[in-house]
Structures are given as C-alpha cells and as structure tokens.
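Coordinate analysis (summary)
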Amino acid sequence: MKILSKSRHLVPLEECVATLQSLLGAERETVFSKAADVCEDLIVVMGDGLLGYGGKRLVGPLARLLKCSKLSIVIAAATALHGILLRIKPGINRVKAGDDSTWKALEDADVLAIVNLIQDDRDSIVKDNALMDLIAVIVERWPEARYRVGCNSSFRTTLLLRCTSNSDTVAQIALRAASALALCGCVATLLLKASDCLWSTISSCLHSSKDCRVQLEAFRFLTSLSKASTFGALFSGPHVAPIVASCLRGLELAKRSGEGKWYPELEFLIVEAAHTTSSILSWPGTQHSLFLNGGIEELLLLVLSGVQNKGDKKSGANDEEKMTEYASSTVERRSRANKLSPTLRPLLWEILGWLGAHHCVDLESSSSPAKNEPAKLNNKLIELACASWLRALCKRGQSPVWFEMEHKQEGGTVFHVKDEPVNSLEVVQICKAVLLLLSSPSQVISSQMRMCLETTLTSHGLDWLPTLVKTTALGVSKTVKLHHVQSMTNLLAVACVSWVEVCRDQLLKLEILRVILGIIQGQTDSVDQGKMERLSAMRDSFATKACCVDSESWEGNDCVLFTALWALPKLLQGSDWAKKIRESMSEEIVDTANWSKFEDGDFVHMLSKLAGDRTRAEGVRWWSACSLSCFGVYGFPSKVGQDVKMSFDDPLLADVIFVLGDGSRLAAHGVVLASRCETLLPAELQVKVCENLGTAGSRGDSDSHHLREMEGADLVSELRSTPAEIHVSPRLSSKVLKIILEYVYAGIVCIPYALVADTKLVAKRCRLEPLTSLLQGKSPIWGKPSAPFDLSPALGIKGHSLADVLLRAAKPLGGSWTEKELGALSDYVPAHRFILSARCQYFQALFRSGMRDSTQKVLEMQASKISISKLLHYLYSGASKAEAVNCSWTNLDFKAQLEYLQSLLELADLAGQWLMDELQQTTCALIGMYLKSNVLLCPPVMSLAFSGQLWMLVETCAACLAPEYVQLRNSGALDNLNDELTDFVRAAHVKLFRETLD
C-alpha cells in the first residue's frame, strides 16, 4: 500500500482488484480480514479512480462479509462497501432492477439482511453505525431496496429510536437513512401511521440543543414525508407547535445576512428550513396560524426586502415611496443577496404564496386589535410582493427583463430569446405568490392585493402589455420554442394582470384569448405532458429520486397547461366572445355531446374534456371547470354522470316523486339523492338511512355485518318502499329545481344567465358546495380535490337501506376459493337496480324483460365477492379499484401476486358476461401492466385467460413472453403451457424477431 500511494500509475490496479476479489472469497478468516482492511485503504487512496479499474467487482464479496461473526471484519467490510457504493451512480433510465449489475450483486449477497444485525446496544455501536450508514446509501441510490427495508416494522421502530440518540453521529446517520426510506411513498405511508411517535422524534431532533447537522437531516426527513398524500391529515397534535418553532428558528438565521453576522456553514440549514416550511405550508391546517403567530410575516418582510420594519406607519401618501424602497432593495440593490443561497429567495416567495393560498379565516371578521395585527403585516408584504413583481417583470417603457426581442424582416418576423439577466426561478415564484394572494380565500388579502396591484399598474403605465402578449404568443409559434420556464412566467404575468379590469380590457383587444387557447390546445395534444417543469421552488432531486409517489401535485407535471388555464377564467369573464357563446348555449339546457353544434363550441368541448379527465391533475380540472362556468356550463363531466342522466325522470325504478307547483311530477331515485345531495332526500328515507347507520354503528362491525343476520330476500323486502312524494313549494321555480336535479344526476349542467342567481341560492341551501363555488365565481382553493361524479358511497352502509337487489357470489373463474373469500362466502353484496340498469346494458335488458329474473330479490353471480365488489365500484364511480404497480406490489411473493391477478381475471370475465367491453379492455390492460413487472406471471395467467376465452389478454401475455422466449423455454418456465399456447408464444417471438431485422 505504501508503494501504491507513492506511484499509483506503476501498479497494475486491475490485477490488484482481481486479487482482492479472490482473497475476499477465501475461507480463512485471517485472509479475508486483511483483504477487507486493504480494500478500505485502497478506497481512501484511489477515491473515484478505483471504479475505473474494476472496483465494482468488490461489491459482491464485501457484501457477503457483512454476515461474518467477527465485529472488526463486519466494520471494515461495511466501511469499504459504503465507500464504493457512494461513488457509484446507478442508471436513472434503467428499465428494471436487473439491468443494474451493482444492485444484482447486492441482491445476490442478500445485503438487506443486515437490518436484522442492528442490535442498537453499546457494545456494537460502531458496527451499527457502519451498517446504518451503508443502508442509507443503498436505499437512497437503489429504490428497489426501500420497501424491502421499510416494511420491516421492528427496523422502523429501531430507526426512530436511533434518531433520538444522544450521540449526534448516531442520530445523523439514522435520520439520513430515514430520509432515504421516505423517498418511497409506500414507506412514507407506513411511517406516518405511527404519527405520534414520528412527530415526537422529529421534534426532538429539531431541538435547539441538537447539532446543526442533526437538525439539517431532520428537516430533510420531514420534507420527504410531506410528499405523502396522507401527510396533511396526519400532521397534527401537540408536537406540531415545536416543529413550527424549529422551522422559524432556522429561517431566522437568514436575518444575520442583513446584520453583518453571517456564518456560511449555516446556509444549508437555512435552505432546508425553508424547504420544510414551504412543504408543510403547502397543506392546509393549524400550522398556518402557528407560523403567523410566530412572526413569519415579519421575517419574510425583513429578509426579502432588506428593510427593517420601524414602527407601524399607516398607508397613505408614502405608499409609493415604500413600494419603491422595497422593490429597489429586492431586485436592483439586493443588499447582501450574494450571501444567501440562490434557492432561498424563491422558497421564501413560495412560502408567502402558501400563506395567502390557505389563509381561510377572513380577517375582516376579527374585532380585537390583537387579531388585526397580522393584517397590517400582510399589507406590507402585499406591497412588497406587488412592487417586486412589477420591477422583476419590466422597466418603465421597456420590454420585460427576462427576454429581449429582435425583429428581422427576412421571410417574416423572427423572435430571438436571449439569456435571462435575473433568476428565472425567483421571477416565477414572485408571480406565483402574487397570483395566490389575488385568489386567496381571505377576502381581506385578495382585495388588498387587487387594490395594490391596480394602483401600481396604473401609476407605472401599460405600454409594455403589447410586448407581453407578443412574447406569450411564442408559446404557439412553430418557428421559435420558448423554454417552459419562460412560457410559465409569461402566462403567470398575464394571469396577474387580468385581475385588473383596465389591463384585462387591453389584453382582450390584443387578442390574448386566441393565444391562451392556442397554448391550451397545443399542450392538450402534446405527447410530452410528463416532461414539463414543475411550478415549484422545491428542489428537483426529490422528483428524480422518489418512487411510489402516491399522489400527483395539484398543478400536475404539465405546468404550462396549468398556468394557461389559471390565466383563462378572468380573461373570459370580461370577454364579449365568451358572452356570445354563452347566449347561444343558454337558449336551452343542452347536452354536452351537442356542444360542437354551437358556434365555437369546440373550445367548450376541449375544456369539458380537461375538466372530466381523471388522469389530469386536480388543479387542471378545477381551472378547466372555472373556465367552463364562463360559458354557462357548471360542473365536472363524467361517463357515469352521462349514463345516469339518461335515466333521469324514469318512473320505472323511481322511489321518489317531486310534485311541482304547476302539478307536474318528476321521478327521482333515492340512491342518487343519498349519494349526491342528501338534502333532497325525503324525510322518511333519511330516517331509514339514519336508523341503518345507527344500527351498524352500535354493532361496531364491518359494513356487511348486519347483512349476515338475515336471508337476502327478507332483507330486500324490508328495504323496498313505495315512491315517496315531495310537494315542492310554488315559490321554487320548476326550472331551477330541474337544473339542480340535472346537476345531481349528471355532475354538470348548462344554466341560462337569467337563472344563475336563483340557482345559486338553491344550490347553497342544498349544500352542493362545488356547484355553489362555481356559480359564485370563486377561485378554487389550492390543493382542493375536484368533484368527480361518484355514487360509490351508496355501496356502504349509507346505501344498504336503499338497496333493492342483492348479488350473491359463486365460485371464481378457473380456481378455488381463497381463505379470505371463504370467510365471506355467504355474504350478499347490496346493489341498486337503477344504477345497474343505467350503467350496464345487461342489467337494463334484464330488469326490463319482464322475465322472472327481472323481479328476483337475489341474483346469483358466477364470480367471487371480491370481483363483484370491484365491478360494482366501477359501475358506481367509473374508476377501477386496483393496486398501483409500486414497491409494495413488486415485493409481494409470487403466490400473492398471482392470487391478485386471478381476481382481476375474474373481473375481466365478469365484465365480458355483462357486456361491459370498456371495463374488460381496461382490466386486461391493467393486468398487462402487472405482467411487465414480473414476466414469470405470464404462463399461469395465460392459461387462465385461455380457459376464460380472454383472447386480448392471451395476446398480451404472448407479447410479454416473446422477448425472453428462448431463455424461458430452456429454463422450463413454459412447460405448463399447452401446445396451442406454446405455439402462440413462439409465433409472437418470430414476429418480434422479424420486426427487429426490418
């Protein structure tokens, strides 16, 4: 080693690595002990250069030494392996785990078994630290390992205990491992289930007495956890206040940059505190009031402006001077800005935006001076945000500063986009913060922001708006392609300006609507929707490292589309073109399928598709619905609503009759009213529902507990009832009631302008919150879920009292009952004839046939209860109830995966029997997605699909097996297939081979 360190180029390192590889596999303990020590020294000397000489070959042998009984060997092997893995960069675009030779070597050595070796006692603290550090590197760089480690409940408990260790080194290593595990959404969900212990652990790690490196890792851990969909609901309890106080304490360190007391080593801590603060403020909850009471507004004002808050000066003649002072210090002078990380300021602006987006308490209702104090601070921040936004976008009489334009007349006008002279991410976050403040649910914040923006724009002048429209139009140009950040900045600026009426009128004259609609059309047709920039200041490393993310961000991945839709509603509200379309569509309540018959109805149809597309982000759907409301169309379209609406006012299966003031009668159905608008449910049915809920609640068992105590026929005879009549007051317009019922049945309705005011009052009384919000023209609250048409609540106890048919399960397709199904073999599945008839042609024909089966109270189904439940969920909600192909699925054993796919096969077979081609195709495609994650599932699934005559799935299995046909045939994996299926796979292999040659 001494010779190696002096002249490393004279030593044949390839031979040295090969020798070490063989020595590490020796049987004598003294030999591989010395070899492990040499590996550790070699990594220290060579560093990254070792990988160029075959250093990866040492991974497998070193991993096997971790199971050695001798403590010193385990420590040396873990340290050496940690050094090698730390320098390996796993492929980001791997198709599957087997494509990575390093991970395959680790998996063959069963390296993840070391989680059981961590004893957490004093005698093995050095060994435990080395192993924990190794685990942290493995789970961070190889997602395949995260769930395998994180699903171990005893290890999770040990990990959280080590996070609270008195040793800073132990706590730091444990927190690093916890942060890496939380990158997996499935593991993060498991960690959040023990929320009380989790928040206590994080609060302890963030205590001021802890080392700054421990606090840094704790902030990262909390930021990773905040990405889980259950975080917002579980982030509560007594430990939230200490966590908020720790975040504020970390942000207050940034104030030292303005006081001349700056410590560069604390910069990472400040940025991580800002990341965490932004993450937890993106969720609504009590943490917002805790941050406000902790003085975060004062801190933001000081750090972003660099101006100390001296006294409480009243707004008046000095407003413009104050805004000028704030803006000049923010954008031009930026005192000591070079001492702060360039990512900190965008995060602080994002924090300000979240404070406005979730400020749900109207400050006007506060009466005490203490409660009004935050409003004064908000006013100053609003002035700062408004002035900074304007100065960041443009200078007086000049083009916006993030681009410059050159006009050339050779063959037309060509726009050349130059480099951005300011931090583009900060400009985006300033625009986003201003827009969130404008659309804040707090009327005080929204009105103050709008007044300040109007004053600022009026005094500044609007001569730069034509340039803004021209550069925004580059988003639809075929000759020049703007960067996504530039497109988002342009659209956000348009959205902000559209809140001011004078600016909105000028933008409409400049034909901004044509530009915005062109961008939306282009993004809707784009095939690269998943590759757009995120509208967030959060670091991109999480998005690249995370796996099994269980929820998409509210704005989605296609943020150009989202920002275009965000800017559209305010522009449409003042548009004569939108009013013209609304008048043409409001002459009668039209069907959405006939929109193309109206002038410019294609634009309305495009927006309706976006609002009804469940694959789109929630924010995209909400802003599409807000834009639709400008044309007089309110709601979220869906296939379920379209089918149910076709049976509206059908008296055949009706159990509710509305008697209108003019004597006419409207037939309705209690199951729809109970699921969509319980206020309209007749009193006698409401009593029956409440009694059923009370009975089930007193028994404290599952939904179907009370169904097991009586025969299905007796149960249905109790639940059946004659239609209940509701006499409607003559003061209620029959047209308005029909509109409300149409919305309840369809999820979307076209309302004439003359009836909007009356419909708004009735919708509010009926507690139809989405419809009321759209009728009032309110901006959706950030993070608010959309309102899809969903009747699945009727499948629970709430709908059992209204059930008029029971489905009884029978033997599943091509197999036997599972243990879980045997326990529920005698159970009945309650259903509702109206929904079955409206959503399924098979049941529609059955119930209208007049045959004996049409009046039977119990229908025998040739399927298991699990499959019947999944199919009913699809009929009632329009969504397939299936597990995601994530880490929890890939880590299931082969038998469990096959059992789950058998239930999906049965569902596909049942869908075929019930003439539901769309569901059958969707289920087969879903099974194909599962099969791609494990090709060995294809042979048994293919045999079951063949016996059920699911030819589409047979072809899918053959296509999955074709690339590896030779290897699978030689290994005997295809021996259980019959000759016909074997020939089918062989033909698919030959076809693939010929296509490859071509």
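Structural data are supplied above this passage.
The following refers to the structure shown.

Rules and cut-offs
- Residues numbered from 1 in each chain as written.
- Predicted model: local features only at pLDDT ≥ 70, side-chain atom pairs only at ≥ 80, totals over all residues.
- Heavy atoms only, no water.
- Core = buried A, V, L, I, M, F, W, Y, C linked by side-chain atoms within 4.5 Å.
- Buried < 20%, exposed > 50% of the residue type's maximum accessible area, 1.4 Å probe, protein only.
- Contact = heavy atoms within 4.5 Å.
- Axes fitted to C-alpha atoms, helices over the stretch in contact; angles between N-to-C directions.
- Helix = DSSP H or I, 4+ residues; strand = E, 2+ residues; numbered from the N terminus.
- Parallel < 35°, antiparallel > 145°, perpendicular 65-115°, else oblique.
- Left-handed = near helix turned anticlockwise from the far one by under 90°.
- Nonpolar A, V, L, I, M, F, W, Y, C, P; charged D, E, K, R; others polar.
- Pairing = 2+ DSSP bridges.
- Salt bridge = Lys/Arg side-chain N within 4 Å of Asp/Glu carboxyl O.
- Polar contact = N/O pair within 3.5 Å; in protein donor to acceptor, adjacent residues only side chain to side chain.
- Disulfide = S-S within 2.5 Å.

For the rest of this paragraph, the subject is the nonpolar core. Core analysis: the biggest nonpolar cluster contains 298 residues, and Leu225, Trp389 and Phe658 have the highest contact counts within it. Discounting residues that sit within four places of it in the chain, leucine 225 has contacts with Ala182, Ala188, Leu191, Leu192, Leu198, Trp199, Ile202 and Phe231.

With their axes 13 Å apart at the nearest point, helix H7 (residues 125–141) and helix H9 (residues 153–163) run at an angle of 110 degrees to one another. The pairing of H7 with H9 is recorded here as roughly perpendicular in orientation. The handedness of the crossing between H7 and H9 comes out as left-handed. The residues of H9 that touch H7, namely those facing Asp128, Asn129, Met132 and Ile135, are Phe155, Leu159 and Arg162. For the contact of H7 with H9, the class distribution of residues is four nonpolar, one polar and two charged.

As a packed pair, helix H18 (residues 296–305) and helix H20 (residues 344–357) sit with axes 11 Å apart at the nearest point and diverge in direction by 145 degrees. Handedness of the H18/H20 crossing: left-handed. Contacts between H18 and H20 involve Ile296, Leu300, Val303 and Leu304 on the former and, on the latter, Arg345, Leu348, Trp349, Ile351, Leu352 and Leu355.

As paired elements, strand S2 (residues 656–659) and strand S3 (residues 665–668) share four bridges and run antiparallel to each other. If you follow phenylalanine 658 over to S3, its bridge partner there is leucine 666.

Pairing between the strands of a sheet comes from backbone hydrogen bonds, and it takes one of two forms, parallel or antiparallel. Judged by pairing direction, the sheet is mixed, and its three strands sit side by side in the order S3-S2-S4 without closing on themselves. The sheet terminates laterally at S3 and strand S4 (724–727), the two strands that pair on one side only. Strand-to-strand, the axes of this sheet are offset by a mean angle of 25 degrees, without reference to chain direction.

A word on the sheet that holds strand S7 (residues 828–831). Judged by pairing direction, the sheet is mixed, and its three strands sit side by side in the order S7-S6-S8 without closing on themselves. Edge positions in the sheet fall to S7 and strand S8 (858–860), since each has one partner strand and no second. Going from strand to strand, the sheet's axes swing by 30 degrees on average, the running direction of each strand aside. Here strand S6 (residues 805–808) runs beside S8; their pairing, made up of three bridges, is parallel. In the sheet register, leucine 806 faces S8, and the bridge partner there is valine 858. Helix H44 (residues 865–877) rests against S6 and S7 of the sheet, and its axis sits at about 10 degrees to S7.

Here we take up the pattern of salt bridges. Tallied over the entire structure, the rule returns 19 salt bridges. The residue aspartate 110 makes a salt bridge to lysine 67 at a minimum N-O spacing of 3.7 Å. Separated by 43 residues along the polypeptide, aspartate 110 in the loop between helix H6 (101–108) and H7 and lysine 67 in the loop between helix H4 (59–64) and helix H5 (71–87) bring together distant segments of the chain. You can call aspartate 110 partly exposed: its relative accessible area is 40%. Close ionic contact of aspartate 643 with lysine 639 constitutes a salt bridge, the shortest N to O distance being 2.9 Å. Separated by four residues within a single helix, aspartate 643 and lysine 639 lie in helix H33 (residues 639–646), roughly one turn from each other.

Examined against the element boundaries, arginine 345 turns out to sit in helix H20. Taking the relative accessible area as the measure of exposure, arginine 345 reaches 7% and is therefore buried. Along the chain, arginine 345 and leucine 300 lie 45 residues apart, while their C-alpha atoms are 9.7 Å from each other. One polar contact links the side chain of arginine 345 to the main-chain carbonyl oxygen of leucine 304, over a distance of 3.3 Å.

Turning to the state of the cysteines, a few remarks are in order. Counted under the stated rule, the structure contains zero disulfides. In this structure cysteine 205 is a free cysteine whose sulfur lies 5.3 Å from that of cysteine 163, the closest cysteine sulfur available. By relative accessible area, which is 0% here, cysteine 205 ends up buried. Summary of cysteine pairing: cysteine 626 is not part of a disulfide, and the nearest cysteine sulfur, belonging to cysteine 630, is at 7.9 Å. On the basis of relative accessible area, cysteine 626 is assigned to the buried category, the value being 7%.

Along the chain, the position of threonine 276 falls in helix H16 (residues 267–281). At 2.9 Å, the side chain of threonine 276 forms a polar contact with the side chain of threonine 223. When near neighbours in sequence (up to four residues on either side) are disregarded, threonine 276 contacts Phe219, Leu222, Thr223 and Cys247.

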